Amino acid sequence: MEIGTLDVMSPQNGGRINTLVFYPGRCVRCGMCLKVCPHRVFALEGERIRLARPADCMECGACRKNCPSHAIEVDSGVGCASAMIKAALRGREDVVCGEDCCR
Ligand code: SF4
Ligand code: SF4
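Residues numbered from 1 in each chain as written. Chains lettered and ligands numbered in written order. Predicted model: local features only at pLDDT ≥ 70, side-chain atom pairs only at ≥ 80, totals over all residues.

For the rest of this paragraph, the subject is the overall build of the protein chain. In terms of regular secondary structure, the protein chain is built from three helices and five strands. By the burial criterion, 29% of the 103 residues in the protein chain qualify as buried. Taking the contacts inside the protein chain whose residues are at least 6 apart along the sequence as the reference set, 39% of them involve residues at least 24 apart. (Helix = DSSP H or I, 4+ residues; strand = E, 2+ residues; numbered from the N terminus. Buried ≥ 20, exposed ≤ 12 C-beta atoms within 10 Å, placed from the backbone. Contact = placed C-beta atoms within 7 Å.)

Set out below in structure tokens:
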């Protein structure tokens, strides 16, 4: 059963500012999104996960890739530019936003 969804909306114009969508009803509270998100978009509030800073999402796709219950959707697009540049400098082909970029 879906409890609900939460789109990322701009407070100014009511339009979406990125493609991140969180389905709290699917979340099993594994904590992976807390670990992998380089911008701390998700937060633990009591025993629940919530979108704390949705506007900071830059659509790297790490949370969706690591969420075991498909509670997160995001079009990852080109991914994190910072991670790609740093991974290239390190000679890595497997780019991991968070591990390779902002932390
Ligand atoms: S797509 Fe990347 S930046 Fe956006 S919430 Fe997920 S892990 Fe964080
Ligand atoms: S990775 Fe998915 S299931 Fe795990 S806490 Fe985050 S939203 Fe919930």
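What follows covers the site of ligand 2. Around ligand 2 lies a shell of 14 residues, among which Cys27, Cys30, Met32, Cys33 and Cys67 are the nearest. Its residues placed into classes, the shell around ligand 2 shows 10 nonpolar, three polar and one charged. (Near = placed C-beta within 6 Å. Nonpolar A, V, L, I, M, F, W, Y, C, P; charged D, E, K, R; others polar.)

Attention shifts here to the site of ligand 1. Around ligand 1 sit 15 residues in total, of which Cys37, Val41, Cys57, Cys60 and Cys63 are the nearest. Residue classes in the shell around ligand 1 are distributed as 12 nonpolar, two polar and one charged.

Turning our eyes to something else, we now look at the nonpolar core. In terms of nonpolar packing, the biggest core is built from 20 residues, with Cys33, Val36, Cys37, Phe42, Cys63, Cys67 and Ile72 touching the most fellow members. Of all the secondary-structure elements, those providing two or more residues to this core are β2 (16-22), α1 (32-36), β4 (48-51) and α2 (62-66). Take this core: its biggest share by element is three residues, from α1. (Core = buried A, V, L, I, M, F, W, Y, C linked by C-beta atoms within 7 Å.)

For arginine 29, which is not glycine, the phi torsion reads 60° and is therefore positive. When you line up the elements, arginine 29 lands in the loop between β2 and α1. You will see that glutamate 59, though not glycine, has its phi angle at about 60°, which is positive. Note on placement: glutamate 59 falls in the loop between β4 and α2. A count of 17 C-beta atoms within 10 Å places glutamate 59 in the partly exposed class.

Take the environment of leucine 51 next. Inspection of the secondary structure assignment puts leucine 51 in strand β4. Taking the C-alpha atoms as reference, leucine 51 lies 5.9 Å from valine 41; in sequence the two are 10 residues apart.

Positionally, cysteine 33 belongs in helix α1. Looking at cysteine 33, the number of C-beta atoms within 10 Å reads 23, which means it is buried. Setting aside residues no more than four positions away along its own chain, cysteine 33 makes contact with Phe42, Ile49, Cys63, Asn66, Cys67 and Ile72.

Sheet topology places strand β3 (residues 42-45) next to β4; four bridges connect them, and they run antiparallel. Across the sheet, phenylalanine 42 pairs through a bridge with leucine 51, a residue of β4. Two successive antiparallel strands, β3 and β4, enclose a turn made up of two residues, where glycine 46 displays a positive phi of approximately 65°. (Pairing = 2+ DSSP bridges.)

Let us look at the confidence of the model for the protein chain. Here the protein chain averages 79 in pLDDT, while 63% of its residues score no lower than 70. Throughout residues 9-14 the model reports pLDDT below 50, and contacts reaching past four residues in sequence, or to other chains, amount to five contacts. (pLDDT = per-residue confidence, 0-100.)

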